[in-house]
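Coordinate inspection notes
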Amino acid sequence: MEAVKVRNINIGEGVPKICVPVVGVTKEEILAAAKTMKDIPVDVVEWRVDWFEHVFETEKVIEAAREIREALGEIPLLFTFRTKKEGGEKEIGPEAYSELIQKVSESGFVDMVDIELFTGDVIVKNTIQVVHEYGVKVIISNHDFDKTPGKEEIINRLKKMQELGADIPKIAVMPNEKKDVLTLLDATREMYENYAEKPLITMSMAGMGVVSRLCGEEFGSALTFGAAGKASAPGQVSVEKLKNVLTLLHECRA
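Everything in this summary refers to the structure shown in the same document. Note that the structure is predicted; figures quoted are calculated from it, not measured.

**Description of the sheet that holds strand β6 (residues 112–116)**
With respect to topology, nine strands assemble into an open sheet ordered β9-β8-β7-β6-β5-β4-β3-β10-β11, the strand pairing being parallel. Pairing within the sheet leaves two strands with one partner each, and these edge strands are β9 (201–204) and β11 (237–238). With two bridges connecting them, strand β10 (residues 223–227) and β11 associate as parallel partners. Bridging across to β11, A227 finds its partner in S238. Along the sheet face, helix α6 (residues 178–194) touches β8 (168–173) and β9 and points at about 165 degrees away from the line of β9.

**Considerations on the nonpolar core**
Counting residues in each nonpolar core, the largest one holds 59 residues, and the members touching the most others are M37, W47, F79, V113 and I140. In terms of residue count, helix α2 (residues 58–72) provides more of this core than any other element does, six residues in total. Ignoring anything within four residues of it in the chain, the contact list for F79 reads W47, V49, V61, L100, I101, V104, V110, M112, V113 and D114. V4, C19, V44 and M174 belong to the second largest nonpolar core, which has 19 residues in total.

**With respect to unusual backbone geometry**
Although it is not a glycine, R7 sits at a positive phi angle of roughly 55 degrees. Note that R7 resides in the loop between β1 (4–6) and β2 (9–11). Residues other than glycine seldom take positive phi values, yet A206 does so here, at roughly 65 degrees. Relative to the assigned elements, A206 resides in the loop between β9 and α7 (210–214).

What counts, and at which threshold
- Residues numbered from 1 in each chain as written.
- Predicted model: local features only at pLDDT ≥ 70, side-chain atom pairs only at ≥ 80, totals over all residues.
- Heavy atoms only, no water.
- Pairing = 2+ DSSP bridges.
- Helix = DSSP H or I, 4+ residues; strand = E, 2+ residues; numbered from the N terminus.
- Contact = heavy atoms within 4.5 Å.
- Axes fitted to C-alpha atoms, helices over the stretch in contact; angles between N-to-C directions.
- Core = buried A, V, L, I, M, F, W, Y, C linked by side-chain atoms within 4.5 Å.
- Buried < 20%, exposed > 50% of the residue type's maximum accessible area, 1.4 Å probe, protein only.

See below:
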């Protein structure tokens, strides 16, 4: 398995990387948050564009992406429209979803994009093909806010993401009991040890699943999400605390 290089960050090597979401509604809120990122221990910034009030106006999205890029300097930028069915703020049709991702990738202002697994195989494949032509990396993701699927199902979804062309497969699931967290961790371990050709991102959500956000290096998850201000998903830990724990666990492994 090779690491994925995004600007100066190698995802899949060493300590799991920290991604911080920006979830502002107005461009002013978004840029204010982006300008604080150079002062915190963040490796990747995710722009959750589904929160943006002008998300369905592509020119305004691209203009905001340009200003975010300027504010971040060399910090990699991940562009994500999280659909309502997977915990996001707004609904969007598959064709419009694909077109937005392609246009933003073409702009050159983003380094990675998130594409949801269940958008449809043909649309996912076609979108990835175009995005890759612009040199942009792809995370294929799946989020289950109701439950934790069985171990084999988690592994099968991650394997399918690889087959569709993901640079990084990602899955986030909701635990309803403690053993669900163990299911997610064991699925991550087995995928990492036996099938992974790409770095993985996995997590168990909410308070019960916080441990999965901290121990990725041990089980095979290469990136974790932390909060700097408003969290974008249940269970996100503040970025400073997250950095301390990840560093401690890495040092203990040495």
